[in-house]
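Residue strings, one per chain:
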Amino acid sequence: MKLNQLLQSHGAFEQAEGLPGNLGDGYLLTHNRIYKNIRKAAKDLHYKFVDQPDNFYQALPLSQLDNLMAKKTIPYTDNVSVLEHLETTAPGRFYWDDVTDNLKKNYLFHESCHAVAKDLTRQFKNEKDPADDLANRILSILLEESFANTCELLGVAEAKDQTHRIFYEQNSYICMFSDRTLIHSALLEIGDTRVFMFFVLAYLHSNFLHQSLDEHALARILILLQKSSNPTSTRPLEPKQIKALKALGKIAFQLNPRFREVTTGFYLRLNGINGNLKTILNFDFLHLIESKEGSQKLLAAMAGLATGAKATAG
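As a starting point, this report considers the structure included with it. Since the model is a prediction, treat every value here as computed from it, not as a measurement. (Residues numbered from 1 in each chain as written. Predicted model: local features only at pLDDT ≥ 70, side-chain atom pairs only at ≥ 80, totals over all residues. Heavy atoms only, no water.)

Below, the discussion takes up the overall build of the chain. If you tally the helices and strands in the chain, you get 18 helices and two strands. Radius of gyration (C-alpha) of the chain: 20 Å, near the 20 Å computed for a compact globule of 314 residues. Every one of the 314 residues in the chain was classed for burial, and the buried ones make up 52%. In the chain, once contacts between residues fewer than 6 apart in sequence are set aside, the share between residues at least 24 apart is 74%. Entry remark: accessible area of the chain is about 15,200 Å², with carbon and sulfur atoms responsible for 52%. Charged side chains in the chain number 35 positive and 35 negative. The centres of these two groups are separated by 4 Å. (Helix = DSSP H or I, 4+ residues; strand = E, 2+ residues; numbered from the N terminus. Rg over C-alpha atoms; globule rule 2.2 N^0.38 Å. Buried < 20%, exposed > 50% of the residue type's maximum accessible area, 1.4 Å probe, protein only. Contact = heavy atoms within 4.5 Å. Areas by Shrake-Rupley, 256 points an atom, 1.4 Å probe, with all protein chains shown as cover. Lys, Arg positive; Asp, Glu negative; His and termini not counted. Charge placed at Lys NZ, Arg CZ, Asp CG, Glu CD.)

It is at 9 Å that the axes of helix α3 (residues 33-44) and helix α8 (residues 108-123) come closest, and there the two elements cross at 55°. By the angle between their axes, α3 is oblique relative to α8. Of the two possible hands of crossing, α3 and α8 adopt the one that is left-handed. Each of Ile34, Tyr35, Ile38, Arg39, Ala41 and Ala42 in α3 lies in contact with α8, whose residues at this interface are Leu108, Phe109, Ser112, Cys113 and Val116. Classifying every residue of the contact of α3 with α8 by side-chain character gives nine nonpolar, one polar and one charged. (Axes fitted to C-alpha atoms, helices over the stretch in contact; angles between N-to-C directions. Parallel < 35°, antiparallel > 145°, perpendicular 65-115°, else oblique. Left-handed = near helix turned anticlockwise from the far one by under 90°. Nonpolar A, V, L, I, M, F, W, Y, C, P; charged D, E, K, R; others polar.)

Turning our eyes to something else, we now look at the environment of Pro236. Looking at the element boundaries, Pro236 is found in the loop between α13 (215-227) and α14 (239-248). The sequence separation of Pro236 and Leu222 amounts to 14 residues, and the corresponding C-alpha distance is 9.1 Å. Not counting the four nearest positions on each side in its chain, Pro236 is found in contact with Arg194, Gln226 and Gln241.

Once that is clear, we can look at the side chain of Asn32. Topologically, Asn32 is positioned in the loop between α2 (25-31) and α3. Under the relative-accessibility criterion, Asn32 is labelled buried at 1%.

The tally for this structure, following the rule as stated, stands at eleven aromatic pairs. Members of the aromatic cluster, joined through ring pairs, are Tyr35, Phe109, Tyr168 and Phe177. The side chain of Arg39 reaches across the aromatic face of Phe49, ending 4.8 Å from its centre. (Phe/Tyr/Trp six-rings, centres within 6.5 Å; stacked < 30°, edge-to-face > 60°. Lys NZ or Arg CZ within 6 Å of the ring centre and 35° of its normal.)

Between side chains of opposite charge, pairing is possible as soon as their charged atoms come close. The full count for this structure, using the stated rule, is eleven salt bridges. For the salt bridge of Glu158 with Arg33, the shortest nitrogen-to-oxygen distance reads 3.2 Å. Of the two residues, Glu158 is situated in the loop between α9 (134-154) and α10 (162-169) and Arg33 in helix α3; the sequence distance between them amounts to 125 residues. By relative accessible area, which is 24% here, Glu158 ends up partly exposed. (Salt bridge = Lys/Arg side-chain N within 4 Å of Asp/Glu carboxyl O.)

Dropping the structure here:
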């Protein structure tokens, strides 16, 4: 695709609530519901998006996540002006492939997911849990990451054309376009809420450094999906739907193993949780969700907010 065509698509969807300096932002707010819903929720929480340089964030983004949440400010780089200047300098000569490998990406979507998940987790927190309960602290941290992973994964369902895929890839860590058709079909046939909750729980296993979902874990997840949905409006999953979820669940374990270990270990230490990572994560985190109605309501609320489906927990 020629660069001038892409810039035209970007300009055609600039909106008052969008960010003109973030490539594809207005387009994604118009065409991608999860991207749009997360942005709206972050703005409702009074987060601001600024293109002023943040040296610490640019140098080591993971180290600044909590600071971003505390300041309610998410920085990004204007990656549009340089392309417009390039096109002005040499009109019609450049293609997207000429710049894609070197253009700075923005991850407002991922950071916004963390902001939204943190607020939801706070809303559904069990006040009876001790403030220093290590297991619940770890679960909350990794639930936030799993929520962000799920939002990014399921957002590809609507990336039907090249323009959408380019803009989405420029704004997301996870871009599983080869699985788009299967994901889209699952959302239609199984339902937004249950597919979303399934992937949060699948990614949770991945972020706890599990290598796959075994049959026992899958069975427990399926029970949670049923418990977290309104039994009067949600039928039990059919065998073919379970088979589809089982196959799709493998996507959650395609996260780079070293990335998972290093990122999780770093962020836990940043939050004062030290020790051998595999030892720290060696507990039945799923039981904490199974045993608390609030945790099940949290899953449904996450799904409802991200997809726009009405939450049905309780």
